[in-house]
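# Chains, contacts and geometry: an overview
Take a look at the letters that make up each chain.
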2 protein chains.
Amino acid sequence: MESTLHRIRANYGKLGPSEKKIADYILKNEQQVTSLPINELAVLSGSTAATIVRFSRRLGFKGFTDLRIGLAGEIISTSSINSKITKNDSCFEIFNKRINDISVSLWNTESVLDPKQLELATKSIMKANRIVIFGLGNSAAIAQDAAHKFLRLGLNAQACTDNHLQAIIASHLDRNSVAIGISHSGESTDIIDALQLSKIGNATTVCITNYANSPIVSNSDICLFTKSDETSHSILAMSSRIAQLAIFDAIYTYIVLHADKASINAIYNTETALKSKKTAGR
Amino acid sequence: MESTLHRIRANYGKLGPSEKKIADYILKNEQQVTSLPINELAVLSGSTAATIVRFSRRLGFKGFTDLRIGLAGEIISTSSINSKITKNDSCFEIFNKRINDISVSLWNTESVLDPKQLELATKSIMKANRIVIFGLGNSAAIAQDAAHKFLRLGLNAQACTDNHLQAIIASHLDRNSVAIGISHSGESTDIIDALQLSKIGNATTVCITNYANSPIVSNSDICLFTKSDETSHSILAMSSRIAQLAIFDAIYTYIVLHADKASINAIYNTETALKSKKTAGR
DNA sequence: AAATAATGAAAATAATTTTCACCAGGAGGT
DNA sequence: ACCTCCTGGTGAAAATTATTTTCATTATTT
């Protein structure tokens with residue numbers, strides 16, 4: 001079952017003029033439409049109730065009510081996000097608001113992440129002889145997590161979270177290497193330096209950042225963007241980091257699915273090796 | 001504006017018996033209710049339309065229709081996004097399904113995480129002289145991330161992700177220490193051993209796990225549960241790890257908000273120290 | 001036993017869907 | 001070119017369905 005907004009866009013061409021007006025109004029006022037009676041929507045969109053019903057049917061819904069529910073289900077409840085964390089919040093309330101932030105940030109990232117760039121990054125990683133992931137401070141954990149994932153796949157991956165080692169490692173990369181730099185702000189000088197050094201040896205450089213106009217972007221062959229507001233108390237850009245994690249996870253999963261025999265064995269062996277660490281299988 | 005399901009739970013006590021039946025039915029059949037006429041819901045829940053409307057009003061909605069929209073908006077469309085990842089999916093499609101999984105898992109965790117235990121854990125961490133976080137394999141990155149957060153707060157925190165060191169460190173903890181063990185399965189023997197050793201010195205033990213009936217639970221003073229299905233290709237329990245991250249983030253944020261002068265200075269100093277690593281301030 | 005709260009049946013209202021008549025534009029025949 | 005006969009889109013109004021309100025009844029409490 002496809003998403004509501006998608007269905008509207010996909011069928012836009014086949015719509016009649018009056019139906020187009022309805023589609024336009026809905027696309028412009030997603031949120032509002034979820035709590036609008038059909039007759040009001042008819043007036044607001046310059047159409048009639050009957051046409052709205054036909055419109056809904058044409059898109060594959062049972063009727064307007066059905067479409068509306070679909071719409072509500074897919075709109076990141078812009079209204080309900082009052083994620084301001086205050087000092088009076090209990091720890092649990094904070095958790096609550098946090099996960100809301102994270103969800104929003106993930107779905108926002110989905111809208112700024114370029115599928116093409118993501119695919120390029122993935123393919124580069126699959127083909128690389130060596131993968132180095134640079135991340136400092138907040139991003140160090142992400143880098144390590146990513147390296148861990150790739151190692152499981154039998155890839156020659158390595159996290160580099162030490163700014164002394166970074167320069168050394170970066171300068172030894174060659175054209176068959178991929179250097180991935182993670183920096184939320186896109187301004188971490190050490191990471192940028194590492195990518196520049198990597199470029200000297202003709203490694204493919206990939207960055208993951210939140211800011212499209214940051215210096216790291218101009219030093220990267222492939223750019224993967226996250227999107228998170230990081231308004232509140234996040235000195236630690238929590239939600240953007242989750243977005244970063246999700247990106248690596250998608251890459252990892254893709255590679256798992258397209259792995260050849262050898263890689264699958266690598267995964268299998270890892271699992272077997274870890275089994276002995278558990279008291280029982282789950 | 002609070003979430004629909006929460007409002008139902010929060011006001012559950014104040015409901016009449018018939019309204020409770022409605023609440024029960026909605027909580028058990030969230031998804032279905034979004035596309036159910038009020039009269040059918042009345043029959044299914046063993047109540048009447050009038051009571052449902054009253055019930056909706058009492059929860060702060062304009063009427064049943066309003067409640068239903070709220071519900072639809074907050075149910076991570078379990079049905080619509082069929083998160084089955086297939087080999088034909090592009091990397092971006094995988095990303096898409098992944099973030100859906102993560103969202104679902106986060107909101108599920110919100111429903112199993114005990115606010116009391118979370119608060120206990122937080123308070124223990126705030127008061128501790130020493131905090132050690134044990135995590136191996138998948139969980140190592142989480143442990144490091146958490147330690148990193150606490151360090152920024154000026155807390156004496158340390159991640160221990162090496163199973164040789166774990167035993168050594170654990171056996172040196174005392175009653176003013178907090179030992180936190182992270183294990184998705186709750187069965188990682190090394191982590192359980194570490195917590196047991198920690199307990200000998202009377203440290204407070206905290207676990208984070210997905211399984212309430214796992215051995216780690218009986219070796220912990222405080223238990224924090226995540227909930228994620230981890231159906232698909234997740235050898236790496238991705239979404240539960242995000243839930244773990246979110247838990248630590250909530251704890252961290254709470255402590256930030258309740259930090260005394262000294263701690264705030266610690267944060268400030270950290271930020272200042274890091275400034276020099278950036279080409280410009282963001 | 002009176003007051004209060006909760007409930008359901010039925011009436012009233014509101015929203016949605018269906019029906020139907022109309023119109024515009026196109027295809028094919030004269 | 002002109003006339004039909006279609007077709008598909010549209011809106012007005014009727015029919016249906018859903019929701020909300022009213023009100024009488026039944027529990028529960030004081």
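Given the structure is predicted, the values throughout are model-derived calculations rather than measurements. (Residues numbered from 1 in each chain as written. Chains lettered and ligands numbered in written order. Predicted model: local features only at pLDDT ≥ 70, side-chain atom pairs only at ≥ 80, totals over all residues. Heavy atoms only, no water.)

### A few points about the pairing of strand β2 (residues 157-160) of chain A
Residues and elements named next belong to chain A. Basically, it comes down to this: For two strands to be treated as a pair, DSSP must find no fewer than two bridges joining them. Strands here mean DSSP runs of E at least two residues long; helices mean DSSP runs of H or I at least four residues long; both are numbered from the N terminus. Note on handedness: a crossover is taken as right-handed if, strands pointing away from the viewer, the path from the first strand over the helix to the second is clockwise.
One ladder, built from four bridges, connects strand β1 (residues 130-134) with β2; its direction is parallel. Looking across to β2, one finds that Ile 133 is bridged to Ala 159. Assessed by its sense of winding, the connection that carries the chain from β1 through helix α9 (residues 138-152) to β2 is right-handed.

### With respect to the protein's contact with DNA strand C
Here is the rule we go by: It suffices for a single heavy atom of a residue to lie within 4 Å of a molecule or strand for the residue to be listed as near it. Polar contact is defined as a pair of N or O atoms within 3.5 Å, subject to the rule that within protein one atom must be able to donate a hydrogen and the other to accept it, and that residues adjacent in sequence are counted only when both atoms are side-chain atoms. When residue character is reported, Ala, Val, Leu, Ile, Met, Phe, Trp, Tyr, Cys and Pro are called nonpolar, Asp, Glu, Lys and Arg charged, and the others, Gly included, polar.
Lining the immediate surroundings of DNA strand C are 21 residues, of which Ile38(A), Asn39(A), Arg57(A), Arg68(A) and Ser18(B) lie closest. A share of 76% is what sugar and phosphate atoms reach among the atoms of DNA strand C within 4 Å of the protein. Between a phosphate oxygen of DNA strand C and a side-chain N or O atom of Arg57(A), the distance comes to 2.5 Å. In the model, a phosphate oxygen of DNA strand C is placed 3.0 Å from a nitrogen or oxygen of the Phe64(A) main chain. Among the elements of the structure, α4 (38-45), α5 (49-58) and α6 (64-74) of chain A together with α2 (17-28) and α5 (49-58) of chain B are those that each provide at least two residues to the surface near DNA strand C. Grouping the amino acids of the surface near DNA strand C by side-chain chemistry returns eight nonpolar, eight polar and five charged.

### Side note on α9(A)
For an α-helix, the turn length of 3.6 residues means that residues three or four places apart are oriented alike. Residues and elements named next belong to chain A. So the rule is basically this: Whether a residue is buried, partly exposed or exposed follows from its accessible area with a 1.4 Å probe, protein chains only, as a fraction of its type maximum: under 20%, in between, or over 50%, in that order.
For α9, the buried fraction is high: 12 of the 15 residues fall into the buried class. Every buried residue belonging to α9 is among Asn 138, Ser 139, Ala 140, Ala 141, Ile 142, Ala 143, Asp 145, Ala 146, Ala 147, Lys 149, Phe 150 and Arg 152, and all of these are buried. Once α9 ends, the next one or two residues include Gly 154, with phi positive near 85°.

### Here's the deal with the relation of the copies chain B and chain A
Selection criterion: Copy-to-copy superposition: least squares on the C-alpha atoms, limited to residues that have pLDDT of at least 70 in both copies. Contacts are assigned to residue pairs that have any heavy atoms within 4.5 Å of one another.
Overlaying chain B with chain A gives an RMSD of 2.1 Å, the required rotation being 179° about an axis along which the chain moves by 0.5 Å. In symmetry terms, the pair is related by a two-fold rotation axis. For chain B, the residue whose C-alpha comes nearest the rotation axis is Gly73(B), separated from it by 1.6 Å. When the interface residues of chain B are mapped onto chain A, 97% of them again lie at the interface, so the same face is used by both copies.

### Comments concerning the protein's contact with DNA strand D
Near DNA strand D you find 21 residues, and of these Ser18(A), Ile38(B), Asn39(B), Arg57(B) and Arg68(B) are the closest. A breakdown of the atoms of DNA strand D within 4 Å of the protein gives sugar and phosphate a share of 76%. Contributing elements (two or more residues each) for the surface near DNA strand D: α2 (17-28) and α5 of chain A together with α4 (38-45), α5 and α6 (64-74) of chain B.

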